[in-house]
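Given next are the chains, with one letter for each unit.
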Amino acid sequence: MIQPTFFGNIEVYLLVALILLSFGLYGLISRPGLISMLISVELILNGAGLNFMAFNTFTAPDKTEGATFTLFVMGLAAAEAAITLSIAVAIYRRFRLITADNLSGMKD
Amino acid sequence: MDITFSSDLSAYVAIADVTFIAFIAMTLAGGLVAILAKQLIHAVLGLIISLIGVAGLYAFLGNYFIASMQILIYVGAVSISMVFAVMLARPPEEVKQKSMRLATKIALGVIVGLFTAATVGSAVFAHRWSAAAKVTSGDTPVEIGIGLLTRNVLAFELISLVLLIAIIGSVVIAKRGRGTGKTVGGEEL
């Protein structure tokens, strides 16, 4: 019997998810644009989904729960992306820019 | 859960390990491009690469349904709508914004990212992850569907409600800035 070096360890998946989370946090704080921030949020959500799937595969007794919640995360990410992108387009039409720094009021 | 294979499969296991490393490299390189690219469209393309890599990791975790859903929903829908938004709303020249706060922001981002990585990473290695006893065998779409309509039915219905509200809300928000179609002196109202 042989064991795979990498893809049989939960730590590898958790570390990849952690790096995705750190990338997302860095991008969320350092990028000024709305769409760049949305991209960073997608990275964070992907790290969360990868965590769900890894814990589900390696430690959970029920093999469907993690997949179900990863699907929920995907649905919420799709809804959030739709809302954010339409807000970005509406803001661009009105102000001709989509940087978060310049947006402080909800109504002009 | 310990994953073991019989020894006559060692060549295939080695190939699978190399493929796994390649998917991880795709994920991390795409993520780097997504947060560091100067052009917004390059960031979106990096995000697509990263999402495909994560789909490969899902496949390595043994759930091909979630892997295909990742490709369909994220790469097929979310990223494409992002590309549309980038093209509709011309991206700002983020590089030209040489404001004084940009350096502060980058430093803050590095600090927060590294802090999170250190704390959560120490937790990953401090704990000994042990497997639980298996109660259901399937990770097939059939099992997931049964779970969605029995144990998780409330969350399932709430997700559908959230998606409906998101569709209506995004149409209303995106339509509002477009004006009424009347023009006064060439300026759209």
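Rules and cut-offs
Residues numbered from 1 in each chain as written. Chains lettered and ligands numbered in written order. Predicted model: local features only at pLDDT ≥ 70, side-chain atom pairs only at ≥ 80, totals over all residues. Heavy atoms only, no water. Helix = DSSP H or I, 4+ residues; strand = E, 2+ residues; numbered from the N terminus. Rg over C-alpha atoms; globule rule 2.2 N^0.38 Å. Buried < 20%, exposed > 50% of the residue type's maximum accessible area, 1.4 Å probe, protein only. Contact = heavy atoms within 4.5 Å. Areas by Shrake-Rupley, 256 points an atom, 1.4 Å probe, with all protein chains shown as cover. Lys, Arg positive; Asp, Glu negative; His and termini not counted. Charge placed at Lys NZ, Arg CZ, Asp CG, Glu CD. Phe/Tyr/Trp six-rings, centres within 6.5 Å; stacked < 30°, edge-to-face > 60°. Buried area = accessible area lost by both parts, 1.4 Å probe. Salt bridge = Lys/Arg side-chain N within 4 Å of Asp/Glu carboxyl O. Polar contact = N/O pair within 3.5 Å; in protein donor to acceptor, adjacent residues only side chain to side chain. pLDDT = per-residue confidence, 0-100. Patch = residues over 30% accessible without salt bridge, like charges linked within 9 Å, V, L, I, M, F, W, Y side chains within 5 Å. Axes fitted to C-alpha atoms, helices over the stretch in contact; angles between N-to-C directions. Parallel < 35°, antiparallel > 145°, perpendicular 65-115°, else oblique. Left-handed = near helix turned anticlockwise from the far one by under 90°. Domains from an automatic or database assignment. Expected span 1.5 Å × (residues − 1). Core = buried A, V, L, I, M, F, W, Y, C linked by side-chain atoms within 4.5 Å.

Before going further, it helps to spend a moment on the overall build of chain A. Along its length, chain A carries three helices and zero strands. Its helices and strands taken in sequence order, chain A reads α-α-α from the N to the C terminus. In terms of overall dimensions, chain A is more spread out than a globule: its C-alpha atoms have a radius of gyration of 18 Å, far above the 13 Å expected for 108 residues. Residue burial in chain A is summarised as follows: out of 108 residues, 59% are buried. Nonlocal contacts in chain A, meaning residues at least 24 apart in sequence, comprise 54% of its contacts between residues at least 6 apart. By element, 67% of the accessible surface of chain A is carried by carbon and sulfur atoms, the whole surface being about 4000 Å². Computed over 6 positive and 7 negative side-chain charges, the separation of the two mean positions in chain A equals 16 Å.

As a further point, take the packing of aromatic side chains. Scanning all chains against the criterion turns up six aromatic pairs over all chains. On the basis of an interplanar angle of 45° and a centroid distance of 5.7 Å, the ring pair of Y13(A) and F58(A) is categorised as tilted. Placement of the pair is Y13(A) in helix α1 (residues 10-30) and F58(A) in helix α2 (residues 34-58), with a sequence separation of 45 residues. You'll find Y13(A) and F58(A) in the same group, each marked buried. Ring pairs connect the aromatic residues Y13(A), F58(A), F20(B), F23(B) and F60(B), which therefore count as one cluster.

A few words on the interface of chain A and chain B. With 80 residues of chain A in contact, the opposing surface of chain B contributes 95 residues. Summing both partners gives a buried area of about 7900 Å² for chain A against chain B, and 73% of it is carried by carbon and sulfur. When residues of chain A are sorted by the area they lose upon contact with chain B, I2(A), F7(A) and Y26(A) head the list and together hold 9% of the total. Of the charged contacts, one joins E65(A) and R151(B) as a salt bridge, the two residues approaching to 2.9 Å between their closest N and O atoms. For the interface between chain A and chain B, the tally reads six residue pairs in polar contact (both at pLDDT 80 or more).

Below, the discussion takes up the environment of A34(B). Take A34(B): it is sitting in helix α1 (residues 10-36). A sequence separation of 11 residues divides A34(B) from L45(B), and the C-alpha atoms of the two residues are 7.3 Å apart. Every residue in contact with A34(B), bar those within four places of it in the chain, is listed here: R31(A), I39(A), L43(A), A43(B), G46(B) and L47(B).

Turning next to the confidence of the model for chain B. All names here are of chain B. Summarising the model, chain B shows a mean pLDDT of 81, and 81% of its residues fall at 70 or more. Averaged pLDDT values over the elements of chain B bottom out at 44 in strand β2 (residues 187-188) and peak at 93 in helix α2 (residues 40-60). Scored below 50 in pLDDT, residues 181-189 shows nine contacts in the model against residues more than four places distant or in partner chains. Both confidence scores are given for the complex: pTM 0.84, ipTM 0.89.

Here we come to a nonpolar patch on the surface. All names here are of chain B. Taken together, the side chains of L149, V153, L154, F156, L158, L161, L164, I165, I167, I168, V171 and V172 present a nonpolar region at the surface, about 1100 Å² in accessible area. Ranked by residues supplied to the nonpolar patch, first place goes to helix α6 (residues 153-176) with 11 residues. Turning to its location among the elements, F156 is positioned in helix α6. Look at F156 and you get partly exposed, because its relative accessible area is 32%.

This part covers the packing of α1(B) against α2(B). All names here are of chain B. The N-to-C vectors of α1 and α2 enclose an angle of 150°; their axes lie 7 Å apart at closest approach. Considered as vectors, α1 and α2 are oriented roughly antiparallel to each other. In terms of crossing hand, the pair formed by α1 and α2 is left-handed. Contacts between α1 and α2 involve A16, T19, F20, F23, I24, M26, T27, G30, G31, V33 and A34 from the former and H42, A43, G46, L47, I49, S50, I52, G53, V54, G56, L57 and F60 from the latter.

Right, let's get into the domain arrangement of chain B. Quite often, the size of an interface is put as the accessible area lost when its parts meet. Taken as a whole, chain B is organised into domain 1 (1-93) and domain 2 (137-179). Taking only C-alpha atoms, the centre of domain 1 of chain B and the centre of domain 2 of chain B are 23 Å apart.

This part is about the confidence of the model for chain A. On average, residues of chain A score 84 in pLDDT, and 92% of them are at 70 or above. Within chain A, α2(A) carries the highest mean pLDDT (90), whereas helix α3 (residues 65-95) of chain A carries the lowest (87).

Turning to helix α3 (residues 64-88) of chain B, a few remarks are in order. In this model, α3(B) (25 residues) spans 34 Å end to end at C-alpha, consistent with the 36 Å of a helix rising 1.5 Å per residue. For α3(B), the set of buried residues is I66(B), A67(B), M69(B), Q70(B), Y74(B), V75(B), V78(B), S79(B), M82(B), V83(B), A85(B) and V86(B).

A few words on the nonpolar core. Within the largest apolar cluster, 62 residues are counted, with the highest numbers of intra-cluster contacts made by Y13(A), L50(A), F20(B), Y58(B) and M82(B). Looking at this core, the elements with two or more residues in it are α1, α2 and α3 of chain A together with α1, α2, α3 and α5 (141-150) of chain B. Counting only domains with at least three residues in this core, you end up with domain 1 (1-93) and domain 2 (137-179) of chain B. The residues touching Y58(B), leaving out its near neighbours within four places in the chain, are N46(A), G49(A), L50(A), M53(A), T70(A), M74(A), N63(B), I66(B), A67(B) and Q70(B).

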